[in-house]
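Residue-level structure breakdown
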Amino acid sequence: MLERGEVANSWRRERWDSLRLLTPNWQSRLPGQRYEGPDPHGYMTMGEVIEFIERFAGDLRAPVRTGTNVSSVRRAGDGYQVTTSRGEIRCRAVVIASGACNQPSVPQFKDAVPASVEQLTPFDYRDPAKLPDGGVLVVGASATGVQLAAELQASGRPVTLSVGEHVRLPRTYRGRDVLWWMDASGVWDQRYDEVGDLTRARRLPSPQLVGTAERATLDLNALAAAGVELVGRWAAVRDGRALFSGGLRNAFSLADLKMNRLLDTFDEWARTNGRDAEVRPSERFSSTRVPSSTRLQLDLRSGEIRAVVWATGFRPDYGWLDVPVVDAKGQLHHQGGVVDSPGLYALGLPVLRRRKSTFMYGTEDDAREVIDHLTRYLAVRR
Ligand SMILES: Cc1cc2nc3c(=O)[nH]c(=O)nc-3n(C[C@H](O)[C@H](O)[C@H](O)COP(=O)(O)OP(=O)(O)OC[C@H]3O[C@@H](n4cnc5c(N)ncnc54)[C@H](O)[C@@H]3O)c2cc1C
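Okay, so let's go over this structure. (Residues numbered from 1 in each chain as written. Predicted model: local features only at pLDDT ≥ 70, side-chain atom pairs only at ≥ 80, totals over all residues. Heavy atoms only, no water.)

1. Notes on the sheet that holds strand E17 (residues 305-310)
Rule in force here: Think of it this way: DSSP has to see at least two bridges between two strands before they count as a pair. Secondary structure elements are taken from DSSP: a helix is a run of H or I of four residues or more, a strand is a run of E of two residues or more, and numbering for both begins at the N terminus. Angles run from 0 to 180 degrees between N-to-C directions of axes, and those axes are lines fitted to C-alpha atoms, restricted for helices to the stretch in contact. Here a residue-residue contact requires only that any non-hydrogen atoms of the pair lie within 4.5 Å.
With respect to topology, five strands assemble into an open sheet ordered E8-E17-E9-E10-E13, the strand pairing being parallel. Single-partner strands in this sheet number two, and they are strand E8 (118-120) and strand E13 (229-231). Sheet twist, expressed as the mean angle between neighbouring strand axes with direction ignored, is 20°. Summarising the sheet, strand E9 (residues 135-139) and strand E10 (residues 159-162) pair through four bridges and their orientation is parallel. The partner of Val 139 across the bridge, within E10, is Ser 162. Helix H3 (residues 143-154) rests against E9, E10 and E17 of the sheet, and its axis sits at about 170° to E10.

2. Things to note about the sheet that holds strand E15 (residues 241-244)
Sheet architecture is open: three strands sit in the order E14-E15-E16, paired in antiparallel fashion. Whereas interior strands pair on both sides, the edge strands pair on one side only; in this sheet they are strand E14 (234-238) and strand E16 (297-299). Averaged over all pairs of adjacent strands, the angle between their axes in this sheet comes to 20°, without regard to strand direction. Summarising the sheet, E14 and E15 pair through four bridges and their orientation is antiparallel. Along E15, the bridge assignment pairs Trp 234 with Phe 244.

3. Here we look at unusual backbone geometry
Test applied: For the exposure calls, accessible area comes from a 1.4 Å probe over protein chains only, and a residue counts as buried if that area is under 20% of its type's maximum, exposed if over 50%, partly exposed in between.
One non-glycine residue with positive phi stands out, namely Arg 61, at about 50°. Relative to the assigned elements, Arg 61 resides in the loop between helix H2 (46-60) and strand E3 (70-76). Given the relative accessible area of 74%, Arg 61 is considered exposed.

4. Section: the site of the ligand
Stated formally: The near set for a molecule or strand comprises every residue that places at least one heavy atom within 4 Å of it. Pairs of N or O atoms within 3.5 Å make up the polar contacts considered here, provided that, within protein, one atom can donate a hydrogen while the other can accept it, and that residues adjacent in sequence are counted only when both atoms are side-chain atoms. Here, Shrake-Rupley sampling with a 1.4 Å probe gives the accessible areas, and only protein chains in the shown set may cover a residue. Charged residues are taken to be Asp, Glu, Lys and Arg, nonpolar residues to be Ala, Val, Leu, Ile, Met, Phe, Trp, Tyr, Cys and Pro, and polar residues to be all remaining types, Gly included.
The full set close to the ligand counts 24 residues, and Glu 3, Ser 10, Leu 22, Thr 23 and Met 360 are the nearest of them. Within the side chain of Arg 15, a nitrogen or oxygen atom sits 3.2 Å from an oxygen atom of the ligand. In this structure, an oxygen atom belonging to the ligand sits 2.8 Å away from a main-chain N or O atom of Met 360. Expressed as a share of its isolated accessible area of 990 Å², the protein-covered part of the ligand is 85%. For the shell around the ligand, the element with the most residues is helix H1 (residues 9-13), which contributes three residues. Considered class by class, the residues forming the shell around the ligand number twelve nonpolar, nine polar and three charged.

5. A short note on the nonpolar core
Soluble, globular proteins show a tendency: their nonpolar side chains are buried together. Where we set the bar: Within this scheme, the nonpolar core is defined by two criteria: the residues are buried Ala, Val, Leu, Ile, Met, Phe, Trp, Tyr or Cys, and they are joined through side-chain atoms within 4.5 Å.
Core analysis: the largest hydrophobic core is formed by 40 residues, its most contacted members being Val 138, Leu 161 and Leu 220. Looking at this core, the elements that each hand over two or more residues are H2, E9, H3, E10, helix H6 (220-225), helix H7 (248-272) and E17. Not counting chain neighbours up to four residues away, the residues in contact with Val 138 comprise Gly 145, Ala 149, Leu 152, Val 159, Thr 160, Leu 161, Ser 162, Val 309 and Ala 311. Counting residues in each nonpolar core, the second largest holds 24 residues, with Ala 100, Tyr 345, Leu 374 and Leu 378 among its members.

6. Notes on the environment of Leu 60
For Leu 60, the location among the structural elements is in helix H2. Take Leu 60: its relative accessible area is 52%, and that puts it in the exposed class. Spatially, the C-alpha atom of Leu 60 lies 9.9 Å from that of Pro 31, the residues being 29 residues apart in sequence.

7. Let's talk about the packing of aromatic side chains
This is how the line gets drawn: Within 6.5 Å between ring centres, the rings of Phe, Tyr and Trp (the latter by its six-membered ring) count as paired, and their orientation is classed by plane angle as stacked under 30 degrees, edge-to-face over 60, tilted in between. Geometrically, a charge over a ring is one whose NZ (Lys) or CZ (Arg) sits within 6 Å of the ring centre while staying within 35 degrees of the ring normal.
Throughout the structure, instances matching the rule amount to 15 aromatic pairs. Pairing Tyr 173 with Phe 285 gives two aromatic rings, centres 6.4 Å apart and planes at 55°, and the pair type is tilted. Taken as a pair, Tyr 173 in strand E11 (residues 172-173) and Phe 285 in the loop between H7 and E16 lie far apart in primary sequence, 112 residues in all. In this structure Phe 285 comes out as partly exposed when scored by relative accessible area, which is 27%. With centroids separated by 5.5 Å and ring planes inclined at 25°, the aromatic side chains of Trp 181 and Phe 266 adopt a geometry described as stacked. With Trp 181 in helix H4 (residues 178-184) and Phe 266 in helix H7, this residue pair connects regions lying 85 residues apart in the sequence. Of the two residues examined, Trp 181 and Phe 266, each falls in the buried class. Three or more aromatic residues joined by ring pairs make a cluster, and in this case those are Tyr 173, Trp 180, Trp 181, Phe 266, Trp 269 and Phe 285. Positioned above the aromatic ring of Tyr 80 is the side chain of Arg 75, whose terminal nitrogen or guanidinium carbon lies 4.9 Å from the ring centre. Sitting over the ring of Trp 180, Arg 176 keeps its end group 4.4 Å from the ring centre.

In short, the description is geometric, and any link to function would need to be established separately.
This is how it looks when you write it as structure tokens:
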């Protein structure tokens, strides 16, 4: 196992200080290891996640070679030649487990933002004190965007949030964590070959969720009530002005509609499986309120906005992979983790084999099946 940094590197280096998992503690599972602390319904801090993964690696005596950067993997004979910062390795099979979120995904027009406005990605952001005083434009209203918008607004800075397509979810539904419902009702176990539009499912933004002691819902209504100004999707920069799309109403109703459809699925599952009595009665939430007027542009030279935080998603980095299996959009081409090159496999990507693959606890089932395939591949060749 080759790791360029340390064990749990992404959680150490690429996350902000206040972040907690949005998956509850009882759902933090790795093969043979589960959360055993006093707060199964809480959400781990970054320190706790690092400790959890370190303990797993330690108990397993995982043969991790830390501080070993892979700079190239290429086909050689009937196997692969791996070039690392600590030498060359020949092997018969490779599992790519380098993550789906290696770099922030930021639109090209960032280059047209005036230099007087500071620009940050979630990789640069640690806490509000890192930002200059004054207004902040947070771009993207998925898990990262809504969490950072809430934190920055609470720090006393006026926050404008640019909202595109998003996934709205309540933190709790009928008295249970919404992720309990995803798990129990089987939504998260849906397999990649059963998903109607797999490409879309793999690109779906993260849900608007935050892990807090209060188990609070952090949707756009909550943010607007806290004083965050909502604007449409940021489409372009012209003459130092940010131009936003006018489709806010549509984006809101689509997200509300999808959330309600999902809640219907949960209700139906509870009814047909005789689980109604163990949860609270069915509920529905207010629609996302459309502001009476929304700005369609914002002058970035006026001094109103001092910083832009790009919460526009993440993408993988396969710059080191010298095998032609990455598409024009930079995504790895694979069928449930089996890459289109003999002996090459992947783990840890969104909806790899199931909807839950996107999350840490989803990897266990995926790993079993991918490693089964790999074992058979090696056995046949032997
Ligand atoms: C902001 C954020 C919040 C999240 N919150 C949750 C959550 O609440 N719950 C949850 O279950 N999941 C969450 N996730 C998803 C979670 O991060 C992934 O499911 C999980 O990290 C996947 O683990 P991994 O080991 O496959 O990838 P990673 O954690 O990304 O690890 C990949 C490792 O590969 C190393 N690496 C990459 N390239 C190279 C190279 N060329 N050479 C050597 N080493 C390399 C990296 O240093 C890194 O340590 C979140 C993700 C993000 C970005």
